[in-house]
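# A closer look at the structure
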Amino acid sequence: MPFVKPSIDYSVYLVTGRELLPQGKDYLESLEESIQGGVTLVQVREKNTDTGEFLRIAQESKAICRKYNVPILINDRIDIALAMGADGVHIGQTDMPVDVARKLLPPNAIIGMTCNTVDHVKKAVQDGVDYVGLGPVWATQTKKVVHPVVGVRGIGELLDVLHGSTVKAVAIAGIKSTNVLHCLHGSVSPAGRTLDGVAVVSDIVASTDPLNASRRIATIVQAFKSDPAPKFSISSLSYSADVFKKGVGELLSAAHNFSPLVHQITNNVVTTQSANATLALGASPIMATAPEEMPDLSAAAGALLVNFGTIQNLDGMLIAGYQYNQRRKPVIFDPVGVGATAYRRTSAAALLNAWQPTVIKGNAAELGALANSPEVQARGVDSVGAGFADPAAFVRNLARKERAIIVLTGVTDYVSDGTTVVRLSNGHPLLGEITGSGCMVGTTVATFCGGASMAAASQRDDDAPEDAKLVRGDMLVAAVGGVLAVTIASELASARPDVKGSGTFLPAFIDELGALTPEKLATHAKIAVL
């Protein structure tokens, strides 16, 4: 007779660990409450327990799982799985080979494997596993990490190997209710393959209230799976030049009406210009870098700009982005000169694995360095060479990889959410003759994003259900608006009779930035949707 494997929902995959239980908390009580809260799959892991006790724990765990129709797996020990009738096993890279395990287990048994590299995933698919555990996403104290941390950005590459297969995937290591949405959002392959779930240990097991601990995670995971390919744009909207012109004008008005506090961790060369640009658009600037301030500032501000032109407080940047992700507020990342030094490259990687940017803005050299592209080289903070052969394809692909809006600045600007690509052809050469014009684009993008976020928040009910969106509001339109504000203001300023050169251009530019209206933006914007 043909065998039928059990149907597995990998959404919230609990890996047990009795050593993590709070004092006075019974293991079986914790397990049952976890399942009541939304755990959909259980793996019993007992690394330091003798066989008899492991079997007893596994049997008692199975009784609770069967009560709620939740499948149960055993970590590593196939003898225990056979003895107590588990639904399958999870094995690591140094455990029993899959083909041997398959021969020993019933034909309908589920087999999962931990995978840390592309080669691991390829071999697991070849061996016929049912699912893979991908990671470690973050460092963790619950298990000795032998392999390097993969990071959120590295999961997409591993998922790409699964394209066309039926093998499921869960993220493993360090996942909590406070970072699960970042993990889900960022862990998507270029082709759009998403995670099937997340494996959680300490955030549930070590909780004194495992029911609500698991419920918090389950609510986010289920909401995410209802819209599994999220972007920071409006997926139902058909974008055109007219749609952008209308939307940009509305967000300029929103920036004036809501006057968002725009928190800027920026380089000290451009602080004054960036503050003045923020004020000109009707928002309020605050420049703060101390890590201790970030929880309070993230509660008050409308958006965060992280510009590491002069990297002075990496810890502040790390904590700031994380806090703004928690608040579901826009984070704009401007990796100034990222290709210039090894320290900048490793710092950028650390930041992008610690939090999810909403918008990444840079010139060709900076974005090329992030994408590991050989087409454009860096000389300090400048680009060298002819640029990308196909800039539209480049920004689209980088947006898919980084799960963010990408803004490529230059003589012609390109903006993409991974699907739509917008070409912007405004600007004036005098922008290149003043210090910090590129950094001011980051500031204006952050201001427009803050306005968009606050406008969306004003329309959302306090008791609205979880929507698994890291940021609400149309950030693609906001990014386009931020670029157009600078480039159109530069054109208007350069045409003034009082502008004789770069020295008189800067104050005139700030004046024109402050005088922008929705009508001016719509009239002057040179937009092409590619």
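As a starting point, this report considers the structure included with it. (Residues numbered from 1 in each chain as written. Predicted model: local features only at pLDDT ≥ 70, side-chain atom pairs only at ≥ 80, totals over all residues. Heavy atoms only, no water.)

## Overview of a nonpolar patch on the surface
Just so we agree on the cut-off: A patch consists of residues exposed above 30% relative accessible area that lack any salt bridge, with like charges linked at up to 9 Å and nonpolar side chains (Val, Leu, Ile, Met, Phe, Trp, Tyr) linked at up to 5 Å. A 1.4 Å probe and the Shrake-Rupley method give the accessible areas. Residues count as covered only by the protein chains that appear here. Salt bridge, as used here, is a side-chain nitrogen of Lys or Arg placed within 4 Å of a carboxyl oxygen of Asp or Glu. Secondary structure elements are defined from DSSP: runs of H or I of at least 4 residues count as helices, runs of E of at least 2 residues count as strands, and each element is numbered from the N terminus.
Taken together, the side chains of Leu-82, Val-100 and Leu-104 make up a nonpolar region of the molecular surface, amounting to roughly 240 Å² of accessible area. Within the secondary structure, Leu-82 is located in helix H3 (residues 78-84).

## A closer look at helix H13 (residues 314-326)
Because the α-helix completes a turn every 3.6 residues, residues three or four places apart line up on one side. As a reminder of what qualifies: The span you would expect from a helix comes to 1.5 Å times its residue count less one. Exposure categories follow from relative accessible area, calculated using a 1.4 Å probe and restricted to protein chains: below 20% of the type maximum is buried, above 50% is exposed, and the middle band is partly exposed. For this analysis, residues touch if any pair of their heavy atoms sits within 4.5 Å.
Helix length check: H13 (13 residues) gives 19 Å between terminal C-alpha atoms against 18 Å at 1.5 Å per residue, within 8%. Within H13, burial applies to Leu-314, Gly-316, Met-317, Ala-320, Gly-321, Gln-323, Tyr-324 and Asn-325. On its buried face, H13 sits against helix H7 (180-186), strand E9 (261-265), helix H12 (294-300), strand E11 (303-307), strand E12 (331-334) and helix H14 (342-354). Just downstream of H13, Arg-328 is the residue with a positive phi angle, here 60°.

## Topic: the packing of aromatic side chains
As a reminder of what qualifies: Whether two aromatic rings pair depends on their centres lying within 6.5 Å, for rings of Phe, Tyr and Trp, where Trp uses its six-membered ring; planes under 30 degrees apart make the pair stacked, over 60 edge-to-face, and the rest tilted.
Under the counting rule described, the total for this entry stands at seven aromatic pairs. Here the aromatic rings of Tyr-13 and Tyr-131 are separated by 5.7 Å at their centres, their planes lie at 75°, and the arrangement is edge-to-face. Residue Tyr-13 is located in strand E1 (residues 12-15), and its partner Tyr-131 is located in strand E6 (residues 131-134); the two are separated by 118 residues in the primary sequence. The exposure class of Tyr-13 is buried, given its relative accessible area of 1%. When its relative accessible area of 0% is taken as the criterion, Tyr-131 is described as buried. Ring plane angle 15° and centroid distance 3.8 Å describe the contact between Phe-388 and Phe-394, whose orientation is recorded as stacked. The pair formed by Phe-388 and Phe-394 is uniform in burial state, with each residue classed as buried.

## Thoughts on the packing of H13 against H14
Two quantities define a packed helix pair, namely the angle between the helix axes and the distance between the axes. Using the following cut-off: Angles here are taken between N-to-C directions and fall from 0 to 180 degrees, while the axes themselves are lines fitted to C-alpha atoms, restricted in helices to the stretch in contact. Roughly parallel means an angle under 35 degrees; roughly antiparallel, over 145; roughly perpendicular, 65 to 115; everything else is oblique. Should the near helix be turned counterclockwise from the far one by less than a right angle, the crossing is left-handed, whereas a clockwise turn marks it as right-handed.
With their axes 9 Å apart at the nearest point, H13 and H14 run at an angle of 25° to one another. Here H14 runs roughly parallel to H13, going by the angle between their axes. Along this stretch, H13 crosses H14, giving a crossing that reads as right-handed. Along its contact with H13, which presents Leu-314, Met-317, Leu-318 and Tyr-322, the element H14 presents Tyr-343, Ser-347, Ala-350, Leu-351 and Ala-354.

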